[in-house]
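Each chain, letter by letter, is given below.
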Amino acid sequence: MRHFGHLSPAVRRELFHREPVEFSSQSPARLLSVALGATLYSPATRPRLADDVLKQARRGVVSMVLCLEDSIDDADVADAEENLVRQFTELAVPGSTSGSASGSAPGPVEPPLLFVRVREPAQITSLVRRLGPGVRLLSGFVLPKFTEERGIPFLEALTAAEAACGRRLFAMPVLESPELLHLETRVEALTGIARTVDKYRDRVLALRLGVTDFCSAYGLRRSPDMTAYDVQIVASVIADVVNVLGRADGTGFTVTGPVWEYFRLQERMFKPQLRHSPFTGRAEELRAALIEHDMDGLLREIGLDRANGLQGKTCIHPSHVAPVHALSVVSHEEFSDATDILRPERCGGGVLRSAYTNKMNEVKPHRAWAERTLLRAEAFGVAREGVGFVELLAAGTI
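Student: Could you give me a rundown of empty space enclosed by the protein, with the residues and numbers involved?
Tutor: Tallying each qualifying case throughout the model produces 2 cavities of 30 Å³ or more. In this structure, the largest cavity occupies an estimated 60 Å³ of space. In terms of lining, the largest cavity is formed by His3, Phe4, His6, Arg59, Gly60, Val321, Ala322, His325 and Gly396. A class-by-class count of the residues in the lining of the largest cavity yields 3 nonpolar, 5 polar and 1 charged. What lines the second largest cavity is Ile302, Asp305, Arg306, Leu310, Gln311, Gly312, Val324 and Ser328. The dominant element in the lining of the second largest cavity, judged by the number of residues it contributes, is helix H12 (residues 295-307), at 3 residues. Here the residues of the lining of the second largest cavity are counted per class, giving 3 nonpolar, 3 polar and 2 charged.

This is the structure:
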């Protein structure tokens, strides 16, 4: 699979200076953690889940979480597990991936990276056993309300399941517990989580932020006019998580952006946040559609995610996927700066003027940024000079 692989080769050639690389569930974890992109959540109770998975794959989704936790009723867990096993079995049947999904082009399609969000550690070993041949489509598990005390049993169960099925399985812990939010317990909680994920570093693909649970602890809910970073108590937790767990010195992990909850028009208090200037001609229609569906707030939050050290995003609606991926593509200017900084002859440091003649590139301080940028370029590609997120977004939503 590859990002923007649902577009024709001709369209990709028009958009990209360097196209996104192909990857699979067996690719290096360092690439996969960035390539997750917009990770789409779906309740495991959906009766046509296998069709839904393939439909979203045809639309550009490369990672999905099938949820057995908060998205379903407590009384439905057993039925959801049975449904999950049936749907994985259907996906694993030869030829099932060429079935027709509503609104999609016919032809073979590879399922995205699939993760299961469980409630308890015992579900991990039980599901791996029950999935049978379908386990080959499983990339790992999402571990809710992760702390040191609660997380270790989950990770031990994952290790046992991996040995039982003979397949690499990843963990994606969700950081959403009150201990992380409350000031008096935050440092201890973060330190414990850091110890735990470092011990199981080879199995931890990414850390996910449960901002909805953070807000819940104080009875808060942000409006579509506001990002997670406008809720100061949430922003402070994000900053501390990145501070401890997202460092660029080799000890850090990929931390993914929080969920955006809105996907339909809400009553507005504030002006739209999308400037007119990037949207010219027919693209103005795209701007209007984004504003109508509260996507301008999402776009702003994606930008703030990147500025604060987060990669990718948890998504609960398919319409959120294209914006996340369009804004993940490395611009031609970013690529030019990163490659200049990392030239072998620059290893001694120094300062140089950007090839775009609009900024200073300081080799040693900007090295970590450049390395991260080139990794993102592998996963999402490099846009052609003059191609911006508007063109990428318009193409990705076809």
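Student: Can you lay out unusual backbone geometry for me, pointing to particular residues and giving the numbers?
Tutor: Even without being glycine, Phe4 reaches a positive phi, approximately 65 degrees. With respect to the helices, strands and loops of the structure, Phe4 is situated in the segment before helix H1 (9-15). For Phe4, a relative accessible area of 4% gives the class buried. Residue Lys145 is not a glycine yet carries a positive backbone phi of 45 degrees. With respect to the helices and strands, the residue Lys145 is situated in the loop between strand E5 (138-143) and helix H6 (148-165).

Student: Requested: an account of the layout of surface pockets, with residues and values cited.
Tutor: In this structure, the largest pocket spans a volume of roughly 680 Å³. In this structure, the largest pocket is lined by 27 residues; those nearest its centre are Tyr41, Ser42, Ser71, Val259 and Ile316. For the lining of the largest pocket, the secondary-structure elements that each account for two or more residues are strand E2 (38-43), helix H3 (49-58), strand E3 (63-67), strand E7 (207-209) and helix H9 (211-216). Ranked by residues supplied to the lining of the largest pocket, first place goes to E2 with 4 residues. In terms of residue class, the lining of the largest pocket is built from 11 nonpolar, 6 polar and 10 charged. Considering the residues around the second largest pocket, the lining is formed by 24 residues, among which Arg30, Ser33, Gly252, Phe253 and Thr254 are closest to the centre. Among the elements of the structure, helix H2 (29-35) and helix H15 (363-380) are those that each provide at least two residues to the lining of the second largest pocket.

What counts as what
Residues numbered from 1 in each chain as written. Predicted model: local features only at pLDDT ≥ 70, side-chain atom pairs only at ≥ 80, totals over all residues. Heavy atoms only, no water. 1 Å grid on protein atoms, 1.4 Å probe; cavity = no way out; pocket = protein on both sides within 12 Å on 5 of 7 lines; lining within 4 Å. Points joined across faces, edges and corners; volume = space filled by probe spheres on them. Nonpolar A, V, L, I, M, F, W, Y, C, P; charged D, E, K, R; others polar. Helix = DSSP H or I, 4+ residues; strand = E, 2+ residues; numbered from the N terminus. Buried < 20%, exposed > 50% of the residue type's maximum accessible area, 1.4 Å probe, protein only.

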